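# Structural overview for review
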Amino acid sequence: MEPDGNIVWPQVALDAVAERESRIPQNFRLTSAFTTKYPPGSDVRTAAAECGLLSSEELDITSLDQDSVSILARIKSREVTAVQVVSAFAKRAAIGHQFLCCLTDFFLDEALIRAKQLDDYYKETGKLIGPLHGLPISIKDSMHLKGHKSTTGFSGDTFRPAATNHGLIAQILYDAGAVFYVKTNLPQCIMHLETYSFWGQTLNPCNTKLTSGGSSGGCSALVAFGGSPLGIGSDIGGSLRSPAAACGIWTLKEPTALRLPKGGTTTQVGADSILSTYGPLCRSLRDIDLFFSVVLGSKPWLQSSDLVAIPWNVPETPRWSGSNGRLRIGVMWHDDVVLPQPPIRRALKTLVEVLKTDPSLEVVDYMPFKHHETGELAHGLYFVDGGARIRALAAVTGDPILPLTEWILTQPRVKDHTIHELWELNAERDGLRAEYLEYYNAQNVDVVLCPAGAGPASALGTCKYWGYTNVWNFLDYPAVVFPTGLNSDPALDVKDSVPREYMSEADAKNSENYDPAIFGGAPLCLQLASRRFADEIVVKAMQEISKFLPLKV
C-alpha cells in the first residue's frame, strides 16, 4: 500500500509510534512519577527491579547473570516453562522501552501462543522441538517476520505490507524452537553508528546521555537492559559491534560474509560492493557459539544459493602461529587515523598487561596498514548512487534527513557513479584487500586485538568515526566485540592535557568530544579480528583471552 498523498510527515510517524505504544499492555506501563526518578545520564538497568512490575520469579528469569545457554538449560530441566520465560522477558522489554525507546513492535499474545505450543509439545512427548526450545529472541526491525512489517528507519516503509514469510535466518531460529516477541529500533537508512529514526532515539541503559550504538542499537539496549537474552542484528560498517561495545555485551560480526543467510530483509538487494551480514547480540561467548552452531548446523547453503558450505567447527587445538605453538596476538593500539579516548586506551592497556603474564600467549604490537584509505573507500562503496535511493525513501512521506544521515551521504567519496566507475571502485577495493592480506600475513599473527571504537558509547548525535569497525567489513574479516568488565571512570580517565599533533581532523574532533563527566559508567569493550574464514579461530582465541575477564581496575 502506498501513502494516499494526504498522509505526510509528521503525521505518518506519529501514527506509527502511537500504534507501537498501544501494543504495550496497560499493566506493563510505568508512571511518569517513577520514570522522572531517572534523569538523563542515569543507569536505568536498576529500574527493572525498582519499578515493582516484575515478580521475584520474573527478575530471576531475566537476570543479567543469565545467558541463553543457562535459560535453555532451565527450560530443559522443567525448572521454568517457555510461557514463563517469554512472559518475563516481554514485561522487562516493555519496561526498558519506556526508558530507552528500543522497540518498534511488541506482540506478546502471538508469542504466548507459540510458547504454549512448545510447552505442550514438551509435556506430551518429553522432547524439545530443537536446541532453542522456548528461547525468546528479539529481531531488528529491517528483518522479515511473518505477519509483521519491516522498515529501514523511514516512515514511508510502514505502508508496505507485512511479510508473508519469515526471512531464512528467522525461519531457522524458529524451527530450532525460538520464540519471537518484539522487533527492535534502528536508525534512519540503517547507516548510523547510533539509533535514531522516526521511531525515536534509542538511549544507552548504562548511561542515558549516551547512544546505544547503531544500527542494531535497539537490540543492544534491550539485551543490556535485560529485556532479551539474545537479539539478531546486522552489520555492514559496525552495526553489530558498535551497539555491543556501547552497551557492554557480546557479538561476532559474521562471521565471514556468505556463511550466514540474509534472505528476508527490507534493504537494497544487489548493493553488494561491501556485503552485510547478520549476527547475535548476546550476554556471553558461549551464546555466540550457540547461535552459530544452530544456524550453520541447519546447513543454510542448501536453502540459499549464495552461501558457502562451511559447517561451524571451533577447533580444540588450533595450530597457532607463535613460537612454540603459542597463540600470537597482535595489538593495534590505534588505527593511525584516530587515537582512542582515554577510557579505551586504559582498557586495552590493562588487558594487554594481563595477557603478557601468560607464557602460553605471545603478544606483539601490530601496526595499522592503510586504514584511512580503507575507511574512505568503504564509505564510497556504501552509496554508489550518491545516496539517491536514501533521499528518495525520505521523500515518500517527507521524512527530514537526519544530521547523521546527511553526514554519511556527504563523505568525500560518496557520489553517483556510472557502471564503469563502479567497476573501477570494485577493482580498487580488491587491490586494497590484496595488499592488506599480504601485510597481515607478514605480521604472522593469529588475531588482532584493537579498540571497537574511538571511545566508549558516544554522546548522542556525535558518533561520526567508523574506522575501527568498517575496516573489517571492507576486508570481510570476522571480528568479535567483548566487554572487558571495566567502565569509564572520570577519576581514572582524565582528559589528555599534553598537546599533541592530531593524526586527522576526525582525531581532533574525537579528542574535543571527550568529557570524562559525561562518559561515567560507560562499559569498556574491545575487539578481536582475524583474516577471512578464520571465524572459529577468532572464537577460540577469544576463549583463551576470556580466562582473564572480567578485568579489575
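In the nomenclature of an unreviewed UniProt entry, the protein chain corresponds to amidase from the organism Mycena pura. Per UniProt, the protein chain carries the Catalytic activity (unreviewed entry) text "a monocarboxylic acid amide + H2O = a monocarboxylate + NH4(+)". Recorded in UniProt under Sequence similarities (unreviewed entry), the annotation for the protein chain is "Belongs to the amidase family."

### Brief notes about helix α12 (residues 342-355)
Given a rise of 1.5 Å per residue, 14 residues ought to cover 20 Å, and the 20 Å separating the end C-alpha atoms of α12 matches this to within 8%. Those residues of α12 lying buried are Pro-342, Pro-343, Ile-344, Arg-346, Ala-347, Leu-348, Thr-350, Leu-351, Val-352 and Leu-355.

### Here we look at the pattern of salt bridges
What the rule picks out here adds up to 27 salt bridges. Here Asp-60 makes a salt bridge to Arg-74, at a shortest N to O gap of 2.5 Å. Linking Asp-60 in helix α4 (residues 56-61) with Arg-74 in helix α5 (residues 68-76), this pair joins segments that are 14 residues apart in sequence. Of the charged contacts, one joins Arg-259 and Glu-536 as a salt bridge, the two residues approaching to 2.9 Å between their closest N and O atoms.

### Notes on the environment of Asp-157
By the element assignment, Asp-157 lies in the loop between β2 (136-140) and α8 (168-175). Accessibility expressed as a relative area gives 2% for Asp-157, which makes it buried. Sequence separation of Asp-157 and Leu-393 is 236 residues, and the distance between their C-alpha atoms is 8.2 Å.

### Observations regarding unusual backbone geometry
Backbone torsion omega between Trp-9 and Pro-10 reads 5°, so that peptide bond is classified as cis. Take Pro-10: it is sitting in the segment before α1 (11-22). Residues Gly-214 and Ser-215 are joined by a peptide bond in cis, for which omega reads 5°. Tracing the backbone shows Ser-215 in the loop between β7 (207-211) and α9 (217-225). In this structure, Cys-101 takes a positive phi of about 55° despite not being glycine.

### Here's the deal with empty space enclosed by the protein
Taken as a whole and judged by the stated rule, the model has 2 cavities of 30 Å³ or more. Size it by volume and the largest cavity reaches roughly 70 Å³. Together, Leu-339, Pro-340, Gln-341, Pro-342, Arg-345, Lys-495, Asp-496, Arg-500, Asn-510, Ser-511 and Tyr-514 line the largest cavity. Taken together, the elements giving at least two residues each to the lining of the largest cavity come down to α12 and α18 (505-512). The class makeup of the residues in the lining of the largest cavity is 4 nonpolar, 3 polar and 4 charged.

### Topic: the UniProt feature "active site" (unreviewed entry) in the protein chain
Look at the UniProt record and you will see "active site" (unreviewed entry) annotated at Lys-140, Ser-215 and Ser-239. Across 100 residues of sequence, these annotated residues stay compact in space, with a maximum C-alpha separation of 11.0 Å. Along the polypeptide, Lys-140 turns up in strand β2. Not counting chain neighbours up to four residues away, the residues in contact with Lys-140 comprise Lys-183, Thr-184, Leu-186, Ile-190, Ser-215, Ser-216, Ile-232, Gly-233, Ser-234 and Ser-239.

### Some points on the packing of helix α6 (residues 82-100) against helix α7 (residues 108-125)
Contact geometry of α6 with α7 gives a least axis separation of 8 Å together with a crossing angle of 160°. The angle between α6 and α7 places the two elements in the roughly antiparallel class. In the packing of α6 onto α7, the handedness of the crossing is right-handed. From α6, Ala-82, Val-83, Val-86, Ser-87 and Ala-90 reach across to α7, where they touch Leu-108, Ala-111, Leu-112, Ala-115, Lys-116, Leu-118 and Asp-119. A breakdown of the residues in the contact of α6 with α7 according to their chemical character gives 9 nonpolar, 1 polar and 2 charged.

### Topic: the side chain of Arg-283
When you line up the elements, Arg-283 lands in the loop between β10 (277-282) and α11 (285-297). Side-chain polar atoms of Arg-283 contact the backbone oxygen of Ser-63, separated by 2.9 Å. Polar contacts involving the side chain of Arg-283 include one to the main-chain carbonyl oxygen of Gln-66, which spans 2.6 Å. If we ignore the near neighbours within four places in the chain, the residues touching Arg-283 are Thr-62, Ser-63, Leu-64, Gln-66, Asp-67, Phe-89, Val-223, Gly-226, Gly-227, Ser-228, Pro-229 and Trp-250.

### A word on the nonpolar core
Counting 99 residues, the largest nonpolar core has Leu-449 and Leu-528 as the members making the most contacts within it. If you tally residues by element for this core, the top one is α6, at 11 residues. Look past the residues within four positions of Leu-528 in its chain and what remains in contact with it is Val-447, Val-448, Leu-449, Pro-478, Ala-479, Val-480, Phe-482, Val-538, Ala-541, Met-542 and Ile-545. If you look at the next biggest cluster of nonpolar residues, it comprises 44 residues, including Met-191, Val-364, Leu-377 and Tyr-440.

### A word on the environment of Pro-359
If you trace the backbone, Pro-359 turns up in the loop between α12 and β12 (361-365). Residues Pro-359 and Asp-515, 156 residues apart in the sequence, show an inter-C-alpha distance of 38 Å.

### Regarding the sheet that holds strand β14 (residues 479-487)
Taken in spatial order, the 11 strands of this open sheet run β1-β3-β2-β8-β10-β9-β14-β15-β13-β11-β12, and their pairing is mixed. Two strands in the sheet have a free side with no partner beyond their single neighbour: β1 (103-106) and β12. Averaged over all pairs of adjacent strands, the angle between their axes in this sheet comes to 25°, without regard to strand direction. Direction of pairing for β2 relative to strand β3 (residues 179-184): parallel, over a ladder of 4 bridges. Paired with Lys-140 across the strands is Thr-184, a residue of β3. Strands β2, β3, β8 (230-235) and β10 of the sheet are contacted by α8, whose axis makes an angle of about 145° with β3.

### Focus on the pairing of β3
Most of β3 sits inside the fold, with 6 of its 6 residues counted as buried. Note that β1 and β3 share 3 bridges and pair antiparallel. From the neighbouring strand, Leu-103 faces β3, where its bridge partner is Thr-184. Handedness of the β2-α8-β3 crossover: right-handed.

Thresholds, definitions, all that
For every chain, the first residue of its written sequence is number 1, and the numbers climb from 1 along that sequence. Local features are withheld for residues below a pLDDT of 70 in this predicted model, meaning they are given only at 70 or higher, and side-chain atom pairs are given and counted only at 80 or more; totals for whole chains, interfaces and linings count all residues. Heavy atoms throughout the structure, all of them, feed into the side-chain values; hydrogens and water do not. UniProt positions are given in the numbering used here, feature names are shortened, and annotations may be inferred rather than shown by experiment. Helix and strand assignments follow DSSP, with helices taken as H or I runs no shorter than four residues and strands as E runs no shorter than two, numbered in order from the N terminus. In this analysis, the expected span of each helix is defined as 1.5 Å times one less than the number of residues it contains. Relative accessibility thresholds used throughout: buried, under 20% of the residue-type maximum; exposed, over 50%; partly exposed, between the two (1.4 Å probe, protein chains only). Basic side-chain nitrogens of Lys or Arg form a salt bridge, by our definition, when they fall within 4 Å of a carboxyl oxygen of Asp or Glu. Site definitions follow a grid-based scheme: protein atoms alone, a 1 Å grid, a 1.4 Å probe that fits but cannot get out for cavities, and for pockets an open set with protein on both sides within 12 Å along at least five of seven lines, plus lining residues having an atom within 4 Å of a point. Grid points are joined across faces, edges and corners, and a volume is the space filled by probe spheres set on the points. Here the term charged refers only to Asp, Glu, Lys and Arg, the term nonpolar to Ala, Val, Leu, Ile, Met, Phe, Trp, Tyr, Cys and Pro, and the term polar to all other amino acids, Gly among them. Between two residues, a contact is recorded if the distance between any of their heavy atoms is within 4.5 Å. Axes here mean lines fitted to C-alpha atoms, for a helix over just the part in contact, with angles spanning 0 to 180 degrees between N-to-C directions. What sets the label is the angle itself: under 35 degrees gives roughly parallel, over 145 gives roughly antiparallel, 65 to 115 gives roughly perpendicular, and the rest give oblique. Crossings are classed by handedness, with left-handed meaning an anticlockwise turn of the near helix from the far one by less than a right angle and right-handed meaning a clockwise turn. Counted as a polar contact is a pair of N or O atoms within 3.5 Å, where, for protein atoms, one must be capable of donating a hydrogen and the other of accepting one, and residues adjacent in sequence contribute only when both atoms are in side chains. Residues belong to one nonpolar core when they are buried, are Ala, Val, Leu, Ile, Met, Phe, Trp, Tyr or Cys, and are joined through side-chain atoms within 4.5 Å. Here the rule is simple: two strands pair whenever DSSP picks up at least two bridges between them. Here a crossover is taken to be right-handed if, once the strands point away from the viewer, the path from the first strand over the helix to the second is traced clockwise.

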